[in-house]
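Understanding the architecture of this molecule
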Amino acid sequence: MGRAGEGPAVSADGDAAALARAKEIFTLVRSGWDTDSSHAAPGGVFWTQADWSHDRNTVSNMPGAQLALRLHQITGEADYLDWARRFYDWTNSHLQSPSGLYWDHLDLQGTIERTVWSYNQGVPVGVAVLLYQVTRDRAYLRQAERVADAAYAYYVTQGRLFTQPVFFNSIFFKNLLLLESVTGKDAYHRAMAAYADQVWDTMRDPATGLVHFDSAGGTQAIQQAALVQLYAVLAWPRAKWRILY
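Chains are numbered independently. Their residues run from 1 in the order of the written sequence. A pLDDT threshold of at least 70 governs which residues receive local features in this predicted model, and a stricter bar of 80 or more applies before side-chain atom pairs are shown or counted, although totals over entire chains, interfaces and linings include all residues. Just so you know, side-chain values use all the structure's heavy atoms and leave hydrogens and water out.

**Considerations on the sheet that holds strand β3 (residues 112–113)**
- Two strands pair under a simple rule: DSSP has to find at least two bridges between them. Secondary structure elements are taken from DSSP: a helix is a run of H or I of four residues or more, a strand is a run of E of two residues or more, and numbering for both begins at the N terminus. Overall, antiparallel pairing links the three strands, which are arranged β1-β2-β3 in an open sheet. The outermost strands of the open sheet, each flanked by one partner alone, are β1 (56–57) and β3.
- As judged from the two bridges shared by strand β2 (residues 105–106) and β3, these two strands associate in the antiparallel manner. Each residue of the ladder has a partner; that of His-105, found in β3, is Glu-113.

Take a look at the structure:
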C-alpha cells in the first residue's frame, strides 16, 4: 500500500479487512461533524450520536484526527489529511487553554467545560507529532512539545497523575512516547515507568495480582488492562515507540 510521509506500516501484513474497518470507523467519526452555522463555534465532532448529545469534545475530535492521519499514512489519500487538520484546528481554536492544556468540551451555546483530563492532553500531542511526520512542518513538532511540557508540569511535577483514571494515563503516556520517538528525549518515558511502578507497589494486591484504585476494594477490568498496557509499552525498544497511536 502507498504511504505518505513518515510513519508506521499499519496493516503491513496486508489485512485489507482491518483497513476497511478503520475507514468505516473514520466515516462514522466524520459524520459527527457539526454543520449547523447557528451554533456557537460551529464545527467540531459531537461526542455521541444520541439525541441528547450537544457537546463537541476534545476526545471526539483529536482521536478522529489521529485516526485520519494514520489512514493518510497508509493510503496517501489527501482527504484524510484535510480532515485531520480540520479536527485539530477546530479543537485548538475552541478548547485549548492559554496554558496549552485542553479543556473537555464546548456546548452549543459556547459554554466551555474546563475540566482537564490527562488523555485529552496526550492525544493532541500525538496528533501534532503525526502532522509533523506527514508534513515535515516543525511548527507541529513545537506545538506537540509545548502541550507535552505543560501536561508534564501539570500532572507529573505538580503531582496530579493519581487524580486521573489509570486508563486515561495510559493514553497520555503512550502519546508522549510517540513524541520522544522523534525528539530522542527520555523524561516522559522515565515518568511513565515511575508511575507504573508506583501503582504496582502501592495499589496491587499480592494475593490476587490485581490493582485496586477504589478504597472500598473494587476493581475494573479496564484498570487491569491499562496497567498491563503501560508495562507492555515500557518493555518495547525505543524504535517501536513511533507506532504508538
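**A short note on the packing of helix α2 (residues 58–75) against helix α3 (residues 78–95)**
- Axis definition: a line fit to C-alpha positions, over the contact stretch in the case of helices; interaxial angles, taken between N-to-C directions, run 0 to 180 degrees. Two elements in contact, α2 and α3, have axes whose closest approach is 8 Å; the angle formed by their N-to-C orientations is 155°. Considered as vectors, α2 and α3 are oriented roughly antiparallel to each other. Regarding α2 and α3, the two cross each other, and that crossing is left-handed. Together, Thr-58, Asn-61, Met-62, Gly-64, Ala-65, Ala-68, Leu-69, Leu-71, His-72 and Thr-75 of α2 and Ala-78, Tyr-80, Leu-81, Ala-84, Phe-87, Tyr-88, Trp-90, Thr-91, Asn-92 and Leu-95 of α3 make up the contact between the two elements.
- Gly falls in the polar group here, along with every residue not listed as nonpolar (Ala, Val, Leu, Ile, Met, Phe, Trp, Tyr, Cys, Pro) or charged (Asp, Glu, Lys, Arg). In terms of residue class, the contact of α2 with α3 is made up of 13 nonpolar, seven polar and no charged. Each angle receives one of four descriptions, namely roughly parallel if under 35 degrees, roughly antiparallel if over 145, roughly perpendicular if within 65 to 115, and oblique otherwise. For any helix crossing, the convention is left-handed if the near helix is rotated counterclockwise from the far helix by under a right angle, and right-handed if that rotation is clockwise. The contact definition used throughout considers only heavy atoms, calling two residues in contact when any of these lie within 4.5 Å.

**Looking at the environment of Tyr-152**
- Along the polypeptide, Tyr-152 turns up in helix α5 (residues 138–157).
- Taking the relative accessible area as the measure of exposure, Tyr-152 reaches 25% and is therefore partly exposed.
- Tyr-152 sits 70 residues away from Ile-222 along the chain, and the two C-alpha atoms are 24 Å apart.
- Setting aside its immediate chain neighbours within four residues, Tyr-152 contacts Thr-157, Ala-187, Tyr-188 and Ala-191. Buried residues are those whose accessible area, probed at 1.4 Å on protein chains only, stays under 20% of the maximum for their type, while exposed residues exceed 50% and partly exposed ones sit between those limits.

**Some remarks on the packing of aromatic side chains**
- Two rings belonging to Phe, Tyr or Trp (six-membered ring only in the last case) form a pair when the distance between their centres is within 6.5 Å. Interplanar angles under 30 degrees mark stacking, angles over 60 mark edge-to-face geometry, and anything in between is tilted. The full count for this structure, using the stated rule, is 17 aromatic pairs.
- Arranged with centres 5.9 Å apart and planes meeting at 85°, the rings of Trp-200 and Tyr-231 form a pair that is edge-to-face. Of this pair, Trp-200 sits in helix α7 (residues 187–203) while Tyr-231 is found in helix α8 (residues 221–234), placing the two residues 31 residues apart along the sequence.
- By relative accessible area, which is 26% here, Tyr-231 ends up partly exposed.
- Three or more aromatic residues joined by ring pairs make a cluster, and in this case those are Tyr-154, Tyr-155, Phe-162, Phe-172, Phe-173 and Tyr-195.
- Over the ring of Trp-83 we find Arg-86, and its NZ or CZ is 4.1 Å from the ring centre. Two thresholds decide whether a charge sits over a ring: the Lys NZ or Arg CZ must be within 6 Å of the ring centre and within 35 degrees of the ring normal.

**Remarks on helix α4 (residues 119–135)**
- Helix span, as expected, comes to 1.5 Å for every residue beyond the first. Its 17 residues place the ends of α4 24 Å apart at the C-alpha level, agreeing with the 24 Å of an ideal helix rising 1.5 Å per residue.
- α4 sits mainly inside the fold: 16 of its 17 residues count as buried.
- Once α4 ends, the next one or two residues include Arg-136, with phi positive near 65°.

**Considering the confidence of the model for the protein chain**
- Confidence along the protein chain averages 93 in pLDDT terms, with 94% of residues attaining 70 or more.
- The predictor attaches a confidence to each residue, called pLDDT, with possible values from 0 through 100. In this model residues 1–10 is a low-confidence stretch, pLDDT under 50, and it forms 28 contacts with partners more than four residues away in sequence or in other chains.

**As for the environment of Trp-103**
- Within the secondary structure, Trp-103 is located in the loop between α3 and β2.
- For Trp-103, a relative accessible area of 14% gives the class buried.
- Sequence separation between Trp-103 and Val-116 is 13 residues; the distance between their C-alpha atoms is 5.2 Å.
- Apart from residues lying up to four places away in sequence, Trp-103 is in contact with Thr-58, His-94, Leu-95, Gln-96, Ser-97, Pro-98, Ile-112, Glu-113, Arg-114, Thr-115, Val-116 and Asn-120.

**Looking at unusual backbone geometry**
- Phi at Ala-41 is positive, roughly 50°, even though this residue is not glycine.
- In this fold, Ala-41 is placed in the loop between α1 (16–31) and β1.
- Notably, Arg-136 is not glycine yet its phi reads approximately 65°, a positive angle.
- Topologically, Arg-136 is positioned in the loop between α4 and α5.

**A few points about the packing of α4 against α5**
- The interhelical angle for the contact between α4 and α5, taken along N-to-C directions, is 160°, at an axis separation of 8 Å. In terms of orientation, α4 and α5 fall into the roughly antiparallel class. Crossing of α4 against α5: the hand is left-handed. Along its contact with α4, which presents Gln-121, Val-125, Ala-128, Val-129, Leu-131, Tyr-132 and Thr-135, the element α5 presents Arg-138, Tyr-140, Leu-141, Ala-144, Val-147, Ala-148, Ala-151 and Tyr-155.
- Looking at side-chain class alone, the contact of α4 with α5 contains twelve nonpolar, two polar and one charged residues.

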